[in-house]
Amino acid sequence: MQIKVCGMRERENILALEREIAPDWMGLIFYPKSARFVPNAESLPKTNLQKVGVFVNESEEEILKRVDEYGLSAIQLHGKESVEFVEALAQSTDKEIWKVISVKDTIEWDLLRGYLPFIDKFLFDTATIAHGGSGKKFDWQVLESYPFEKGFLLSGGLDESCADEVLALAAKVPQLAGVDLNSKFEFEPALKNIEKLKSFKKRLLGQEEKPTTDN
Ligand SMILES: O=C(O)c1ccccc1NCC(=O)[C@H](O)[C@H](O)COP(=O)(O)O
């Protein structure tokens, strides 16, 4: 099960994330209206973490510029990007492309089919006017009918208490490849609580120490 920690920006916090959590992915948000917006590359520390850039209805030119500038390994499209847009982007880059699906109540699976040849993952997040970072969960039951082989990430309001529920869903839907953690693990926007992340990771990956008994 992969872990993505999204909305990182602060130098020492990123270094602590790498040292203490070593997630599979670190998300950098390039949507100017987000409170977690990353304005420039200079303030970020050097890190070996794989970076995914989060974009909302951004132009291909701007996305590719950020890919080079920030050394992104993946591109997360978090707006209303069409299949045609994603196809063109896939022809211009060898980086992973993740398409976000914003979930209200139901998902029309057939509408997603067109993205499949051009993306590496779907990411399911809660629909919100701000596009992301809502801290709200959607009803994960809709994912139980996920019809594709392609892996996906689960996002939207995940918190410390979710680990068992995530594992239960993964047992039913093995395409669930990982989780995306954000606002429920923050002291303030873009400043993550490393201890909370640590305890969630232990629970999710089954490394939690079991209490010992005396007999
Ligand atoms: O987090 C933001 O501020 C944000 C704003 C606009 C578009 C995307 C944004 N975040 C992208 C993510 O992938 C978040 O991790 C995802 O929305 C879940 O956030 P949360 O509900 O806070 O766990």
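About the criteria used
- Residue positions are given per chain, counting from 1 as you read along its sequence in written order.
- Under the rules for a predicted model, residues below a pLDDT of 70 receive no local features and side-chain atom pairs below 80 are neither given nor counted, while totals for whole chains, interfaces and linings still include all residues.
- Just so you know, side-chain values use all the structure's heavy atoms and leave hydrogens and water out.
- UniProt positions are given in the numbering used here, feature names are shortened, and annotations may be inferred rather than shown by experiment.
- When two rings of Phe, Tyr or Trp (its six-membered ring) have centres within 6.5 Å they constitute a pair, described as stacked for plane angles under 30 degrees, edge-to-face for angles over 60, and tilted for the intermediate range.
- Exposure categories follow from relative accessible area, calculated using a 1.4 Å probe and restricted to protein chains: below 20% of the type maximum is buried, above 50% is exposed, and the middle band is partly exposed.
- Whether a charge sits over a ring depends on NZ of Lys or CZ of Arg being within 6 Å of the ring centre and within 35 degrees of the ring normal.
- Lines are fitted to the C-alpha atoms to define the axes, a helix being fitted only along its stretch in contact, and any angle between axes, read from their N-to-C directions, falls within 0 to 180 degrees.
- In this description a helix means any DSSP run of H or I spanning at least four residues, a strand means any run of E spanning at least two, and both kinds are numbered starting from the N terminus.
- Two helices cross in a left-handed way if the nearer one is turned anticlockwise from the farther one by less than a right angle. They cross in a right-handed way if the turn is clockwise.
- Contacts between residues were defined by any pair of non-hydrogen atoms, one from each residue, lying within 4.5 Å.
- Each residue gets one label: Ala, Val, Leu, Ile, Met, Phe, Trp, Tyr, Cys and Pro are nonpolar, Asp, Glu, Lys and Arg are charged, and the others, such as Gly, are polar.
- Residues are classed as near a molecule or strand on a simple rule: at least one heavy atom within 4 Å of it.
- Pairing of N or O atoms within 3.5 Å defines a polar contact, subject to two protein rules: one partner must be a possible hydrogen donor and the other a possible acceptor, and residues neighboring in sequence count only if both atoms are side-chain atoms.
- Nonpolar core, defined: a set of buried Ala, Val, Leu, Ile, Met, Phe, Trp, Tyr and Cys residues in which side-chain atoms within 4.5 Å join the residues together.
- The directions considered for the arc run from the helix axis to the C-beta atoms.

As named in an unreviewed UniProt entry, the protein is N-(5'-phosphoribosyl)anthranilate isomerase, taken from Algoriphagus aquimarinus. According to the UniProt record, the Catalytic activity (unreviewed entry) comment for the protein reads "N-(5-phospho-beta-D-ribosyl)anthranilate = 1-(2-carboxyphenylamino)-1-deoxy-D-ribulose 5-phosphate". For the record of the protein, the UniProt heading Pathway (unreviewed entry) holds the text "Amino-acid biosynthesis; L-tryptophan biosynthesis; L-tryptophan from chorismate: step 3/5."

Moving on to the packing of aromatic side chains. Applying the stated criterion across every chain yields a total of 13 aromatic pairs. Ring centres of Y146 and F152 lie 4.6 Å apart, and the angle between their planes is 55°; on these two criteria the pair is classed as tilted. Given the relative accessible area of 6%, Y146 is considered buried. Three or more aromatic residues joined by ring pairs make a cluster, and in this case those are W109, F122, F124, Y146, F148 and F152. Over the ring of W140 we find K137; its NZ or CZ atom is 4.5 Å from the centre of that ring.

This brings us to the packing of helix α4 (residues 163-172) against helix α5 (residues 194-205). Running from N to C, α4 and α5 point in directions that differ by 35°, and their axes come no closer than 9 Å. Handedness of the α4/α5 crossing: right-handed. Contact with α4, carried on its side by A163, V166 and L167, involves F200, R203 and L204 of α5 and no other residues of that element. Residues belonging to the contact of α4 with α5 are distributed by class as follows: five nonpolar, no polar and one charged.

On to the site of the ligand. Surveying the vicinity of the ligand reveals 24 residues, the closest of which are S34, R36, D125, D180 and S183. Taking N182, its side chain carries an N or O atom lying 2.9 Å from an oxygen atom of the ligand. Between the ligand and the protein, one listed contact pairs an oxygen atom with a side-chain N or O atom of S183 at 2.4 Å. Within the shell around the ligand, the residues separate by chemical class into six nonpolar, 13 polar and five charged.

Now for the nonpolar core. If you look at the biggest cluster of nonpolar residues, it comprises 57 residues, and the most contacted ones within it are L17, F122, F124, L143, L154 and V166. Filtering out sequence-adjacent residues up to four positions away, F124 remains in contact with I101, V103, I107, W109, L112, F138, L143, Y146, F152, L153, L154 and S155. Of all hydrophobic cores here, the second largest spans seven residues; its members include W25, V52, L123 and L153.

Turning to helix α1 (residues 11-21), its buried residues number three or more, namely N13, I14, A16, L17 and I21. Angularly, the buried residues of α1 cover 160° about the axis, an arc narrow enough to put them on a single face. Facing away from the buried surface of α1 by more than 90 degrees, the exposed residues are E12 and R19. For α1, the elements touching its buried residues are β1 (2-5), β2 (25-29), β10 (191-192) and α5.

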